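# Descriptive structure summary
If you want the building blocks of each chain, they are given just below.
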Amino acid sequence: MEAVEQPRIMASDRHVIDQPTESDCSADMNTHFVVCRFIMETGVKLGMQSVPIATACSLYHRFFQSASLRVYEPFLVAMSAIYLAGKVEEQHLRTRDIINVSHKYFEVDSEPLELNSQFWELRDSVVQCELLILRQLNFQVSFQHPHKYLLHYLLSLKALLNRHAWSRTPICETAWALLRDSYHGPLCVEHDPQHLAVAVLHLALQAYGVELPQGEAEWWQVFCEDITKSTIDTIISKLLELYDMEAKCT
């Protein structure tokens, strides 16, 4: 993979397009999906917990909100986002481990890189790109993730449902899986964390046809006062688009 064999921050050999076309935007979305899958799989191999992985994806998406794929190498940005996320979430990772696991991701049968000029060049690129991300994000690299909200909502939901309805449907597992998958796209930086938590829970309930007891307000209004049904539908629609994208990228 070029990002490993020829490390760089600037993708200077790519044609820079001032006004991306619709096809360019679609191609960019596919690229971001693939790179975020790389972040998640690499993070798991590095022993990262779910929140640091979510932070790495958020850093990546936030960076490319104001940067172009025609200027910056996405996999190098991803490697630096993993490195920076480890610092932010106090799960520190060695650059050497990130580089070797990433190299193994692209070259499955390869051995760890030797400590030669190629390795040190790549390491310098990762560190330089980390500084670039910090500057691009104005050093605002802490994120409030939906995880704690989803946990709270699931505990409240369990109290609303009878134990048989809760035990016979994997609502909890499905909601967590949907939340994890949502980080393949920019939902995590486009919507409030509590809104994203409500939306994935709403989709999980819909998937199994589970209905909650009716009251004066909808359950999602009780959980989150400022969310609307329109917002829930928008988030779900974007999330389902990611699953369509997965089929195209595999």
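Quick caveat, the model's predicted, so the values are computed rather than measured. (Residues numbered from 1 in each chain as written. Predicted model: local features only at pLDDT ≥ 70, side-chain atom pairs only at ≥ 80, totals over all residues. Heavy atoms only, no water.)

### Looking at the packing of aromatic side chains
- Tallying each qualifying case throughout the model produces twelve aromatic pairs.
- Ring centres 5.3 Å apart and planes at 80° place the aromatic pair Phe38 and Phe75 in the edge-to-face group. Taken together, the positions of Phe38 in helix H2 (residues 22-45) and Phe75 in helix H4 (residues 74-88) put the pair 37 residues apart, joining distant regions of the chain.
- In this structure Phe38 comes out as buried when scored by relative accessible area, which is 0%.
- Judged by centre distance (5.2 Å) and plane angle (90°), the ring pair of Tyr105 and Phe106 falls under edge-to-face.
- Among the aromatic residues, those joined into a ring-pair cluster are Phe38, Phe75, Tyr105 and Phe106. (Phe/Tyr/Trp six-rings, centres within 6.5 Å; stacked < 30°, edge-to-face > 60°. Helix = DSSP H or I, 4+ residues; strand = E, 2+ residues; numbered from the N terminus. Buried < 20%, exposed > 50% of the residue type's maximum accessible area, 1.4 Å probe, protein only.)

### What to know about helix H3 (residues 50-65)
- Taking 1.5 Å as the rise per residue, H3 with 16 residues should run 22 Å; its terminal C-alpha atoms sit 23 Å apart, in good agreement.
- In terms of residue burial, H3 counts as a mostly covered element, since twelve of its 16 residues are buried.
- Within H3, the full set of buried residues consists of Pro52, Ile53, Ala54, Thr55, Ala56, Cys57, Ser58, Leu59, Tyr60, His61, Phe63 and Phe64. (Expected span 1.5 Å × (residues − 1).)

### Regarding the pattern of salt bridges
- Applying the stated criterion across every chain, the model contains six salt bridges.
- Between Lys87 and Glu130 there is a salt bridge, and its shortest N-O distance comes to 2.9 Å. Of this pair, Lys87 sits in helix H4 while Glu130 sits in helix H6 (residues 117-136); the two residues are 43 residues apart in sequence, bridging distant segments of the chain.
- Assessed through its relative accessible area of 5%, Glu130 is described here as buried.
- We note a salt bridge from Lys238 to Glu190, for which the minimum N-O separation is 3.3 Å. Taken together, the positions of Lys238 in helix H13 (residues 229-249) and Glu190 in helix H10 (residues 187-190) put the pair 48 residues apart, joining distant regions of the chain.
- The class for Lys238 is partly exposed, based on a relative accessible area of 28%. (Salt bridge = Lys/Arg side-chain N within 4 Å of Asp/Glu carboxyl O.)

### With respect to unusual backbone geometry
- Its identity as a non-glycine residue notwithstanding, Glu90 has a phi of 55°, on the positive side.
- Tracing the backbone through its elements, the reader meets Glu90 in the loop between H4 and helix H5 (95-106).

### Quick look at the side chain of Asn100
- Residue placement: Asn100 occurs in helix H5.
- With relative accessibility at 17%, the residue Asn100 sits in the buried group.
- If we skip the residues at most four places from it in the chain, Asn100 touches Pro112 and Leu113. (Contact = heavy atoms within 4.5 Å.)

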